[in-house]
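# Descriptive structure summary
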Amino acid sequence: MPSFTASLAGFVLRTTGYYRRMFTGGPQFQQNIVKVRAAPTPRPIAKGDVDVRQSEFQGRTVWHIAPKDRAPTAHILFWHGGGYVYSATDVHWKFLSRMASQHGWSITAPLYPLAPESSAEAITAWASAYYAAYQADIKGAPFVMGGDSAGGGLTAALAQMARDGGQTLPAGLLLICPWLDLDPAHPDQLKTEPRDGILTISGIAEGGSLYAGDLPLTDPRCSPIFGNWDGLPPILAFAGGDDILITDSRALKAKVPSVDLTELAGMMHDWPIFSFSESRKAQAAMAGFAARAVA
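Overview of the structure. (Residues numbered from 1 in each chain as written. Predicted model: local features only at pLDDT ≥ 70, side-chain atom pairs only at ≥ 80, totals over all residues. Heavy atoms only, no water.)

## So, the layout of surface pockets
Let me state the cut-off plainly: Here a cavity denotes a set of grid points, spaced 1 Å apart and computed over the protein atoms alone, in which a 1.4 Å probe fits but from which it cannot get out, and a pocket denotes an open set meeting protein on both sides within 12 Å along at least five of seven lines; residues with an atom within 4 Å of a point are reported as lining. Grid points are joined across faces, edges and corners, and a volume is the space filled by probe spheres set on the points. Counting from the N terminus, the helices are DSSP H or I runs at least four residues long and the strands are E runs at least two residues long. Residues are sorted three ways: Asp, Glu, Lys and Arg are charged, Ala, Val, Leu, Ile, Met, Phe, Trp, Tyr, Cys and Pro are nonpolar, and all the rest, Gly among them, are polar.
Put simply, the largest pocket is a space of about 610 Å³. What lines the largest pocket is a set of 22 residues, and nearest its centre among them are M22, V36, R37, Y86 and T89. At the level of elements, α2 (18-22), α3 (29-38), β2 (60-67) and α4 (90-103) are the ones that each hand at least two residues to the lining of the largest pocket. Per-class residue counts for the lining of the largest pocket are 12 nonpolar, 5 polar and 5 charged. For the second largest pocket, the calculated volume is near 250 Å³. Lining the second largest pocket, in full, are R43, P44, I45, K47, V50, D90, W93, K94, S97 and R98. For the lining of the second largest pocket, the element with the most residues is α4, which contributes 5 residues.

## Observations concerning the nonpolar core
To keep it simple, the criterion reads: In this description, a nonpolar core means a group of buried Ala, Val, Leu, Ile, Met, Phe, Trp, Tyr and Cys residues linked to one another through side-chain atoms lying within 4.5 Å. Three exposure classes are used, based on accessible area relative to the maximum for each residue type with a 1.4 Å probe and protein chains only: buried under 20%, partly exposed in between, and exposed over 50%.
By size, the foremost hydrophobic cluster in this structure holds 92 residues, and its most contacted members are W79, W105 and M286. If you tally residues by element for this core, the top one is helix α5 (residues 120-137), at 7 residues.

## Observations regarding empty space enclosed by the protein
The final tally for this structure, using the stated rule, is 1 cavity of 30 Å³ or more. When its volume is computed, the largest cavity comes out at roughly 290 Å³. What lines the largest cavity is a set of 27 residues, among which F23, G82, I198, H269 and D270 lie closest to the centre. Counting residues per element, the ones that place at least two in the lining of the largest cavity are α2, α4 and α8 (201-212). Counting residues per element, the lining of the largest cavity draws most heavily on α8, which supplies 4 residues.

## Some words on α3
Under the convention used in this document: Directions are taken from the helix axis to each C-beta atom, and the arc is the one they span.
When α3 is considered as a whole, its buried residues turn out to be F29, N32 and I33. Each buried residue of α3 sits inside an arc of 105 degrees when the element is viewed along its axis, so together they form one side. In α3, the exposed positions angled more than 90 degrees off the buried face are occupied by V34, K35 and A38.

## Side note on a nonpolar patch on the surface
So the rule is basically this: Exposure above 30% relative accessible area and the absence of a salt bridge qualify a residue for a patch, where like charges join within 9 Å and nonpolar side chains (Val, Leu, Ile, Met, Phe, Trp, Tyr) within 5 Å. Accessible areas in this description were obtained via Shrake-Rupley with a 1.4 Å probe; residue shielding takes into account the shown protein chains only. Each salt bridge in this description consists of a side-chain nitrogen of Lys or Arg and a carboxyl oxygen of Asp or Glu lying within 4 Å of one another.
A cluster of nonpolar side chains, namely F4, L8, F11 and V12, defines an oily patch on the protein surface of about 420 Å² accessible area. Relative to the elements of secondary structure, F4 occurs in helix α1 (residues 4-16). A relative accessible area of 66% places F4 in the exposed class.

## A short note on unusual backbone geometry
With an omega of 5 degrees, the peptide bond running from A115 to P116 counts as cis. Within the element layout of this structure, P116 appears in the loop between β4 (105-110) and α5. Even without being a glycine, Q58 presents a positive backbone phi close to 45 degrees. Among the structural elements, Q58 can be located in the loop between β1 (50-57) and β2. One non-glycine residue, D270, lies in the positive phi region at around 65 degrees. Looking at the secondary structure, you find D270 in the loop between β8 (260-268) and α10 (277-294).

## Overview of the pairing of β8
In regular strands, side chains alternate between the two faces of the sheet. For clarity, the cut-off: Pairing between strands is defined by DSSP: at least two bridges between them are needed. Seen with its strands pointing away from the viewer, a crossover is right-handed if its path from the first strand over the helix to the second goes clockwise.
Bridging between strand β7 (residues 235-242) and β8 involves 6 bridges; their strand directions are parallel. When the bridges of β8 are listed, F238 appears paired with T262. In this view, the connection linking β7 to its parallel neighbour β8 by way of helix α9 (residues 246-255) has right-handed handedness.

## Some points on α4
Selection rule: Given the number of residues in a helix, its expected span is that number minus one, multiplied by 1.5 Å.
With 14 residues, α4 extends 19 Å between its outermost C-alpha atoms, agreeing within 8% with the 20 Å of an ideal straight helix rising 1.5 Å per residue. Those residues of α4 that sit buried are H92, W93, F95, L96, S97, R98, M99 and A100. Phi for G104, located one or two positions after α4, is positive at around 75 degrees.

## Remarks on the sheet that holds β2
What counts here: Orientation is described by lines fitted to C-alpha atoms, with helices fitted over the stretch in contact, and by angles between N-to-C directions that extend from 0 to 180 degrees.
The 8 strands are arranged β1-β2-β4-β3-β5-β6-β7-β8 in an open sheet whose pairing can be described as mixed. Every other strand in the sheet has two partners, leaving β1 and β8 as the edge strands with one partner each. The mean inter-strand angle of the sheet, taken between neighbouring strand axes irrespective of direction, is 20 degrees. Summarising the sheet, strand β3 (residues 74-79) and strand β5 (residues 143-148) pair through 5 bridges and their orientation is parallel. For L77, the partnering residue across the bridge sits in β5 and is M145.

In C-alpha cells, the structure reads:
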C-alpha cells in the first residue's frame, strides 16, 4: 500500500487534472505547450550546502548542481522528463538539489532541444554531442547517466548510441519511470489510464509523434526498447502501478532480466523524484547504486 501522502497526491492530481491537461492530446495540446513555455522557466536555486552553476552548450543552457565544500560521491549526467515538449520543472530541480545536498551528487542537467521545434534525430544528435563534451569536462571520471520519463528514454537511446559509436559508457544507468516506447498500444495502458494523475494515452501518442518527426516510432532513437541492450552498464529502474508507462519498464525487465527494477503498486508517474517516504527510499537506493557504480 502506498503511503497516505502518496495516495493523497495521486488523488489530488487526478481530481484537479493539472498535469493531465498538459499531457492530453487534441486541439489544445500544442496550445498548452506554448502556454506553459510562455511562463518563466524554472531554474535551480543555490542555497544551504548546494552550489549551482550555469553554462551553455551549442546555444542551450546547462545546469550544474553540486555539494559545497566537499568532494562529490558521484558524477551524474541527468536528462529531465517532460514528454520531450516541456522543460525541467521545479520538481526536477528540488529532486536534484536534494540529491546533491543529502547524497553528495555532482549533477549536470542539460536543457536539450524540444519538440515540436526539434525532433528525435536532431535532439539525440545534440545530446550525443553534449555527452562527449561532458566526459571531457569531468576529465574521464566515471559517471552515472540517468533521467526520468522522457529523460529516461533519452538516457537509454544515448547509451545505445555511445556503445555503437565506440564511446566510453557510463558506469551505470538510472531510469526513473522511463518512456521507452513512443506508441502507447499496450492493452494494460488502457486499464491504468484512469488511475494515472499525470499522463494520458492521447497525450503521449501525440507527444511521441511530435518527437519522432520523420523517424518511425520504432527507431531506437525514438523508442529505445526496440534497440540493442547488449553491452550496456548496470541499470537501476523504477516504475509505478498508477503510471501508464509501467508497461515500458516491464518490457525492459523482460528483455534485460538483469535490470534492477523497483515497481510499487499505487504509485504515480515519476514518484521517485517527489518527496514521499517511498521517494526518499528510492533516492537512497539511487545514491547507493551510483556510489557502487563509480567506485
